Every structure is written in structure tokens, then in C-alpha cells.
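A look at the structure
Listed below, chain by chain, are the residues.
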There are 2 protein chains.
Amino acid sequence: MSGAVKVLPLGGLGEIGMNCMVIEDDQDLFLVDCGLLFSELDHFGVDFIIPDFSYVVARKDKFRGFVLTHGHEDHIGSLSFAIKAGLQSPIWASPFTALMVRERLTESGFLDRTELKVFHPGDTIQVGSFKIKTVSVNHSIVDAAALIIETDMGKIIHTGDFRIDPTPFFGSELDLSVFKEAGDQGVLLLLSDSTNVEKCEHQPSENIIQKKFEQLMNDQKGLLIISLFSSNVGRMGQIFDLARKMGKKIALCGRSVEQNVRLAFESQYFKGSESLLIPTDSIENYDRKNTIVISSGCQGEFGAALNRIAYGDHKSIKLKPEDLVVLSSKFIPGNEKPISRMVNQLFKSGAQVLYESVQEIHVSGHATRPELKKMIEAVRPKFFIPVHGEYRHLVFHAALAKECGMKDTQVRLSTNGDLLEFTKDKMRFVEHFQEERIFVEGRDGGDISKLILKDRRLMGETGIVFALLVRDQENRKVLSEPEIISKGLVHESLEGFLIEEAKVRVKEVIRQYESSLQDGDYSFDLQEQVRVELRRFFKTNIGKKPVVLPIVMEL
Amino acid sequence: MSGAVKVLPLGGLGEIGMNCMVIEDDQDLFLVDCGLLFSELDHFGVDFIIPDFSYVVARKDKFRGFVLTHGHEDHIGSLSFAIKAGLQSPIWASPFTALMVRERLTESGFLDRTELKVFHPGDTIQVGSFKIKTVSVNHSIVDAAALIIETDMGKIIHTGDFRIDPTPFFGSELDLSVFKEAGDQGVLLLLSDSTNVEKCEHQPSENIIQKKFEQLMNDQKGLLIISLFSSNVGRMGQIFDLARKMGKKIALCGRSVEQNVRLAFESQYFKGSESLLIPTDSIENYDRKNTIVISSGCQGEFGAALNRIAYGDHKSIKLKPEDLVVLSSKFIPGNEKPISRMVNQLFKSGAQVLYESVQEIHVSGHATRPELKKMIEAVRPKFFIPVHGEYRHLVFHAALAKECGMKDTQVRLSTNGDLLEFTKDKMRFVEHFQEERIFVEGRDGGDISKLILKDRRLMGETGIVFALLVRDQENRKVLSEPEIISKGLVHESLEGFLIEEAKVRVKEVIRQYESSLQDGDYSFDLQEQVRVELRRFFKTNIGKKPVVLPIVMEL
């Protein structure tokens, strides 16, 4: 007996991204996924947000590895950070997921520090005391899997990210019967993807995209540039398929697209399509109206291929009026502005542009309410915890479960850091770990502490003022005129006057200081007084308190 | 004869916001609207972006004033800045618009510097040599007007922001016959609102909101908190109307809501509803299920009423489980993240929340394609320029005009800064003024130069390093150990080591400097060499170049 089963989400509950969940019994512990979150604070140098692995690190001896549901960054992106933190035992992944992990870990130099174990969705794997049946699911990346985890307390089903697509381009429709069967045997806990719970309507199959693309290729008058999530191998597969049928050539644009196409070939997905590829830098030698460019940068990322194309900075691809750019992707919340800027720029360059809000050229990889309902009804779990979504999504998904007949006591609205313990018929809240998230700078960059972030925010918003004094070590007299320098404070035209005024104030503080010295009072904190006086001065003169950094050098 | 007519957009073409357009002939010049743009760079202290008025200021002698189409910030928000720039002649505005302008100018202290002239939509006003017929239009604010401007070269119609609503709550449906009539007489130029051109479907009338609100008030179990754009007097009017009929009380939350309700009373819109209002701080004394709160902050603005309510920081309003919060507004692009955060927080507080993506609780005040088509077909202008929209919106609107039968030569895709000249049958591009936009800090704050912004960006992203040296004025020897201080640079745990290392490098530079001194070489630029060396040092050690500020003090 391995005793009660503990479930602890380290990320992904209360946010879209950074998916990572601890499953644990008395003897063993493993992680379902190990993702990252792209930061909105990139202008303050924060690139990624990753989970705090300390709970797992503290239980390193019973850590049995990572089991990945699929290859998206928000499911695998934190692996190298976890390994750096000391979690190095095997990584279980489906074929394509394993290839993506291999690339990431090669880049970060951690590949040799771990063991990659490949499963084919459908396989059953043994992770410590846990027997895990992997189940193929439909998603916006190939080789995505759900997990049916056998524990001494009963089955735990983690759907990963999924949808039910009757006609996916690769693979076949998600087989609900597997989940029904588990449901018949009895399922302790269902953890299900909440991303699209706000969408009530049935979602079309991925294959409507093919019809759309076919039409676009038929009407093609110039270059057809299709930008999509570079990991969406299924959608790229449709492009390759159509190009072959219609005798068109394909050029790749952007490192991530090139990388994932390479992986798709390696994993046999694009078998026989090698001959369609042409080198991007020789694109001008080919018939434009029979050439398709697959490009990265559909989110308007600065420096990405499509952005460079839009601004005319791309070395090989210069837009012409008859060219058509297609953004075959969702506008991810938070990216609307950069995407809009890029779309506007593409129009300015004279090309035509199609995107989600004007054309049906994208289908989501996440289940909408009708599909989510099917999953709950198939599994009929004792307990249900919605995962993968902002808090409001979890709320709606929990409500949906109740619509399906589950009782309040069976449905739990959990967020990151909630440690729950399950026995055969009981779910018990143990404790909440103050959910620490770690801000990181760059792929292999260090942490950014709250303090550093605070300083950057302050300097970024109001600038900084630096006041320098030199003091005689012996008699503690001030030897110099105060030196005051500002950066990012006010318009150049005002700066000179303002700084001069500030110096006058500092001199007054020095006067007070020295008179107190003469009175034999050595308690006067010159540095602090200068800081206080300057902050007050700027508050009254420019209405805000910049960072003030006074330094008293002893000579 | 006042000669050819010039049209110069200073803002609003190629962006949503900052609407401002010059209309000019040989003798006279006036501005249609004078709006601002809310900045995305608020984390760098940029609050607003305003037009560059220098073209108008240079022609001050012929400036005849501002004609405002309605009272939204993106149409009136820059007035105080324009007045500050020296443009003080009269401001023509409809009754409610005038009240909003009065409030703004009172706040900024400029009210006495200008003359407010009120027109009622339908009136004809004389602005210099221009006779302007104002026409009432439907929009998300009351007293909105379009302008039919008589010039020697023909009529220019500026729609302002508009839609065609068969059943608005206040006023009546936009009267197309007025525009048709003008069309029959012949219109030189149509300038029309492009904001919603991407929406193809007919849009429901504002009055569907009333049905929805009525239902919500009927089902009300706790507090009903409705958050909307505080300038949407029509929608607030529906709430007051229903509350009166259903015997409910209304509490106001947020300065802007209180202000605009006060103005709505002053302008007689809410006549007879005074008794419905209850003081917000006494809300606990009233029957919760018969109390409605109208709150500001529907865009998740930090510090706004609804955000404080969501986080439990509001002094009078504490949410309870049976309360319902309704966001009766659009998620403005770029605000999705703060709004989501707020919505999630509202759910966490246990209240129910309705918002656009889950409920039909908002109707836009901008015309969609079918309405835009009607406007073009009514006016049948010689020339057409789409206004008020991002570049892509202008492109779609131009295409729509061509669908309506206009020729390429009649439709002009203009952007801010394009000066066009019109004679009776000709449109001529004169020149493009490098569109300068001015970044401002706070309502009465100063400009932020590109240089200041650059410094803030740099410090915000990578932090700053100061290096201090004291040098003897006479013998130019360095008197001190180098002092190095950093702010926002790296995690505290690394800082100490890094700074010590940096000092070693600086000492090496000092050594080189002094040896060159001994060789009688005085060309060595100590300050610059320290800067170069430190930037190189940090680049190699932390992968980025922070702002490095070396100071050599002479003693």
C-alpha cells in the first residue's frame, strides 16, 4: 500500500500556461508536465515565469520523473530550469514531444543530464508505483496524450490539453470509449482542460482549414505567406499536402518553423514532401504564385520573421501588392497590440492580409463546452478539478460539471499551491503553499527578485537621481560641492535648471549637517537626509518621487 | 473666394484615438476635435499621447477655433494641451460635450482662457468663413454630432463617431435624409468613422441592453454592480429608468461616474431621478437585492472603483456571494490582461460576473459595414477618406467605398500628417508632415522626450550601474578606490560578487590611465574608458549591457 494520493498543482490553475502538477503517494512522486509562462513584464527584463520546484526538490528522493502530455512550451518549457534545480530523473514523452524536448535540452546543454523515455500514445508506462495508461488526444500539436493514472486509491485522469476532432489531419478522433471504459471501472479524480470553456458552440474540425487553404492556393496571384504556431505540425502538414497536390513549392521562414519542420520530417510526419522545399534565399527564382511561405511570428513578436517581412527588413522576402499574408492563428490575449501593429504594417506594405477577425482561418486545439461535457459524462469521476485556465475558466468548468450532475462536494475549485489528499472516497484539502512563481531573464538567465523588479519599475517609470558627496574620513567634513546626475528624469530642457535647484537643496542639508557637527552631534545621517530632501524636492517640483541614490564617499 | 480647401489630419488616421483634423482655406482654419490617445507606455511614465499642434500654431492668426463632434476623451482630451500651446479661440460643442469640456478645462485651470460656444445638433454655426451644419448622430455618448461644412469648393462631411440606431434611449435615429439631401446638392468630401468596419453583421439597437438589464434586475438576489464607460449617459439613463420603474436605489462608485451623472442631471437627461440616488457609504443600510451600483473601472484600470471592489479594498462596497457584477462594455484591445485579472479576482471574491465574452451586455456605438454603406450611399461624395481607425480599418473602409461604386481616384487612404488640397473637382496631395506625436506625463505634466524614454526603457530592462572616482584637480591622480553601485541589475545574491569583479576591472583601467599620465599622455579619457570597460564586463558576465554611468569628480 502506497497510502493516500496527493495532488499539488504548481502551475496552470488560475492562469493559461506554466502547466505543472505533482502526483504523489507515500513512496513516489512525479510531475505531469513542466511548462513555462511567457511574461508580460518583458520590458522589465522578465522573459519567462516558471514554477517554484522547491516542494519537489525537498522530496527529491521519491521523485520518479516527468510525464509530458505534449510538446507546447507551456508544458515542457521549464524542464531545463527543473533540471538545473536538481530534478534529473527520466522524462517520459511521446515521439514528437520527445524530439521537441531533445531540442530544448540540447540548446540549454542539459540533454546528457537526463534520460528521455519515449512512449507511443496508447502505451502503458510504469512511473514508480504508478501505472499510467497514455491515451492519444486531438490537440494543436501532434502526439498529444491524456493520462490515466492507476493509484492505490483509484484512477486519476489528466486530460492534458485536448479537443475532440472527428477528422484531424494526423491521427484519428479522440477515442472516448477508452475514457468511458475507465469510467465504468470507476475514476477517482478527473483533471480536465478548461481553456475554452467560455465557448459554448460546437467547434469545426481542423480540416475546414484545408478547404480554406485550398481555395487560397487556387486564387493565389502572388506569394502566399502563411503564419502559424510553428509547433502546429498538423496544420503545416495540410499545407505540405495541398502543395504537393497542386504542384507548389514551400519556403520556410523563421528558426522555430525550420526547426519544427525538421522534427516533423524526422518523425516521419512529412514523409515524401522533401522535394517541395525550396531555399528561402532563392525564392525570387521561383514562380511567385506557386510559392508558399510558412512563417513564424504570427503573434507579432518583435524580431520574428513575419514582423521583419512586414517592415521590409527580411533579407529574402520583399512583399509585393499581389502577395497574401494569412495569420492562421489566434490573437493570444495580451498580444493584440503587437499583432495589430504588424497587420497594419503588412497592409501599408501593400499586401493583402487575412486574420481571425475577418476570416475563418483558425480552429482552436482546445475543447469547447460540448466536448468538455462529453469528457465529464464519459469519465463520471468521484471528484473533479478543472485545470489549465484562468480562475474564471475554472469557475465555468466547475459549473459545467455540476450541470452534468456532480455535487458541490465532488467538485473542487483549486488553484496553484493547493495540496489535496485523496483516499478511495475522500478528497481532503491539506494546505496551501504560498504559490511562489519565479521570474527568469532569458533561457539560461538568472532569477529576477521582487526587489530588482521593483527597482526597474521605479526607474522605468520615473527615472533615477544620483547625488554624490565626498567626505573627509578624519574630520568628517564634506570636501566637495555636491554632484547630482539624473537619468530618465525630465525633459532635457528642464533638467539643467532642476538639477541646479536640487544642488541648492543638498547644500542646505550639508550646512545643517556641518553645523550639527560643530555642535558635536554626530548622529546626523547625511546620506539619508540628502535622500529625503531630494525626494521631497522632486515630488513638489515634478510631482513624483524618482529613485534617489545618495552616496557619501569617504576620502 | 477663400481658395482651395486644405485637409490635414493631425491624429486619428492610423490609430484609434487622438482624433484631430485641420480644415483650412486661404483665410481661415479650424480643428475638428482635439483628442488624446491613452498610452501603452504608462509603465515608462507616458500617460497620454497628443497631436503636435505646430502646424496650427504656425498659422495662429487664421485659427478660428475647435469644433467638437462629441465629448469622448479621444475627441476632447487634448484641448488643454492645445490651449497651453497657444490655441485659445472659441470651442464649439453640443450641450453635454460642452459640460465635459468645462469640467476638463476647470481641472486644468484653462477654462477662463477660452470661450465655450454651445450648439444644439441641428444648428448651423459660422466658424470663420465656414458655415457648418451640425447633425445629430447616434453614438455611445449623448449629443454627438456630425458636421456638414460648407466651403467654396463644396461640402465636406465629417461624420465624427457615429452609428445608426433605430431606437436609441435618448434622442432619435440618425436622420439619413439630411445626408441624402446634402448628397443631392453634391458633396466634395466625406470623412467617415472606420472603427467598426471589420464587423459585417447588422448591430442590434442599444435598447436590447435595457431588456437584458431588466431581466438582471428582476433576478437580482444581491447587489447588482454595473460597470460601464462613465460617459455612456444613454446606458446609465436606461439603468435609472428601470430602477425608477422597479423601485430600486442607485449608488454611484468612482469619480468619473459621479462626475458624468452630475453632468447628466445638469443637462436634464436624468430629470426626476434624483430620489433614486443613495450615498455609497450608506449602502449597507439598504436592501441589497434592490440596490444597483454604477461603477467606473470597466477596463480594469488600476486604482479604479471596480478594481478596488474586486480586491476588497473599497471602503463602502464589500462583495457577497449573491452579488452580481456586470461589465457592460467592450474589452478595449490592449486592456484584455488587466480586465481578465480583475474578472478573475471578482470570481475569487465569490461574486458572479457577466462580461461581453459570455453575455450580450454591450452594444458598440460605432457603425458596422451595413451602416457605413448606408452613409456612403446617402452622401455619394466626389471624394472619400476613411478616418478614425487603425490602418487596416481604413483599408477595409476604402474597399467598402469602392464596393459602393467609387473609383480608385475618388478614394484616398490618408494617414496622420498627409496634407491634401481640394478644389471643386480635384483632390491633390500636397505634402506629408513627419507626424510627430507628443508623449505627456500626467494631465498637466510635461513632455517626455525620446531620449528620456530611451533611458527609462534601458534602465527598466537592464538596470543601471554607477562608477565613481575622485581625481585630484592638480596632478589629475585618482584619489579614491572606485565606488560602484548598481540598481535593478542582478539578483542580490550575485550582486556583491559581480560588483567586486567590476571594481577590479576599473582599477585596471585606472592603472592604465595613470601609467599613461606618467608617460605625459593626457589624452586618456578616464570616464569613457571606465564606461567601455564596464559595459564589456557586464555583457560577458550577465549577457547584457546595463546603463553605465561613470563619474569622475575633481577635488
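Cut-off values and rules
- Residues numbered from 1 in each chain as written.
- Chains lettered and ligands numbered in written order.
- Predicted model: local features only at pLDDT ≥ 70, side-chain atom pairs only at ≥ 80, totals over all residues.
- Heavy atoms only, no water.
- Pairing = 2+ DSSP bridges.
- Helix = DSSP H or I, 4+ residues; strand = E, 2+ residues; numbered from the N terminus.
- Axes fitted to C-alpha atoms, helices over the stretch in contact; angles between N-to-C directions.
- Contact = heavy atoms within 4.5 Å.
- Buried area = accessible area lost by both parts, 1.4 Å probe.
- Salt bridge = Lys/Arg side-chain N within 4 Å of Asp/Glu carboxyl O.
- Polar contact = N/O pair within 3.5 Å; in protein donor to acceptor, adjacent residues only side chain to side chain.
- Nonpolar A, V, L, I, M, F, W, Y, C, P; charged D, E, K, R; others polar.
- Least-squares fit on C-alpha atoms with pLDDT ≥ 70 in both.
- Domains from an automatic or database assignment.
- Buried < 20%, exposed > 50% of the residue type's maximum accessible area, 1.4 Å probe, protein only.

Let us look at the pairing of strand β10 (residues 130-136) of chain B. Residue and element names in this part refer to chain B. Here strand β9 (residues 124-127) pairs with β10 via four bridges, running antiparallel. Bridged to I125 within β10 is I132. Sheet topology note: the β10/strand β11 (residues 145-151) ladder contains six bridges and is antiparallel. Its bridge partner being in β11, K133 is matched across the sheet by I148.

All names here are of chain B. Pairing within the open sheet is mixed, and its eight strands lie in the order β8-β7-β6-β3-β2-β1-β21-β22. Looking along the sheet, the strands with just one partner apiece sit at the ends: β8 (116-118) and β22 (427-432). The mean inter-strand angle of the sheet, taken between neighbouring strand axes irrespective of direction, is 25°. Pairing of strand β2 (residues 20-24) with strand β3 (residues 29-32) involves four bridges; the strand directions are antiparallel. The partner of I23 across the bridge, within β3, is F30.

Before going further, it helps to spend a moment on the interface of chain B and chain A. By a widely used convention, the size of an interface equals the accessible area lost when the partners come together. Each partner contributes residues to the interface: chain B has 58 residues there, and chain A has 58 residues. Its largest share of buried area at the contact with chain A, chain B owes to R392, K487 and M553 of chain B, together 11% of the area lost on that side. Along the contact surface separating chain B from chain A lie eight salt bridges. K544 of chain A is the salt-bridge partner of E441 of chain B, the closest N and O atoms lying 2.7 Å from each other. The interface formed by chain B and chain A contains 24 residue pairs in polar contact (both at pLDDT 80 or more). If you list the elements that add at least two residues to the side of chain B that touches chain A, you get α10 (336-348), α12 (391-403), α13 (450-462), β24 (464-471), β25 (483-487) and β26 (547-554) of chain B. Here the side of chain B that touches chain A takes nine residues from α13 of chain B, the largest share from any one element. Split into classes, the residues belonging to the side of chain B that touches chain A amount to 25 nonpolar, 13 polar and 20 charged.

Looking now at the relation of the copies chain B and chain A. With an RMSD of 0.1 Å, chain B superimposes on chain A once it is rotated by 180° and translated 0.1 Å along the axis. Such a turn and shift between the copies fits a two-fold axis. The C-alpha atom lying nearest the rotation axis in chain B is that of G460 of chain B; the distance is 2.2 Å. Counting the interface residues of chain B, we find that 100% of their copies in chain A are interface residues as well, pointing to one common contact surface.

Sheet strands associate in pairs through backbone hydrogen bonding, adopting either a parallel or an antiparallel arrangement. Residues and elements named next belong to chain B. The sheet built from three strands is open, its strands ordered β25-β24-β26 with mixed pairing. One side of each edge strand has no neighbouring strand; the edge strands of this open sheet are β25 and β26. Here the average twist between neighbouring strands, direction ignored, is 15°. Two elements, β24 and β25, share five bridges in a ladder whose sense is antiparallel. In the strand pairing of β25, L468 is matched with E483. Against the sheet, helix α14 (residues 492-518) engages β24 and β25, with an angle of about 140° to β25.

Our focus in this paragraph is the domain arrangement of chain A. Splitting chain A by domain gives domain 1 (5-201 + 364-447), domain 2 (207-354) and domain 3 (451-554). Centre-to-centre, using C-alpha coordinates, domain 1 of chain A lies 52 Å away from domain 3 of chain A.

On to the environment of A399 of chain A, then. Residues and elements named next belong to chain A. Examined against the element boundaries, A399 turns out to sit in helix α12 (residues 391-403). On the basis of relative accessibility, which here comes to 34%, the residue A399 falls in the partly exposed class. A C-alpha to C-alpha distance of 24 Å links A399 and E431, two positions 32 residues apart in sequence.

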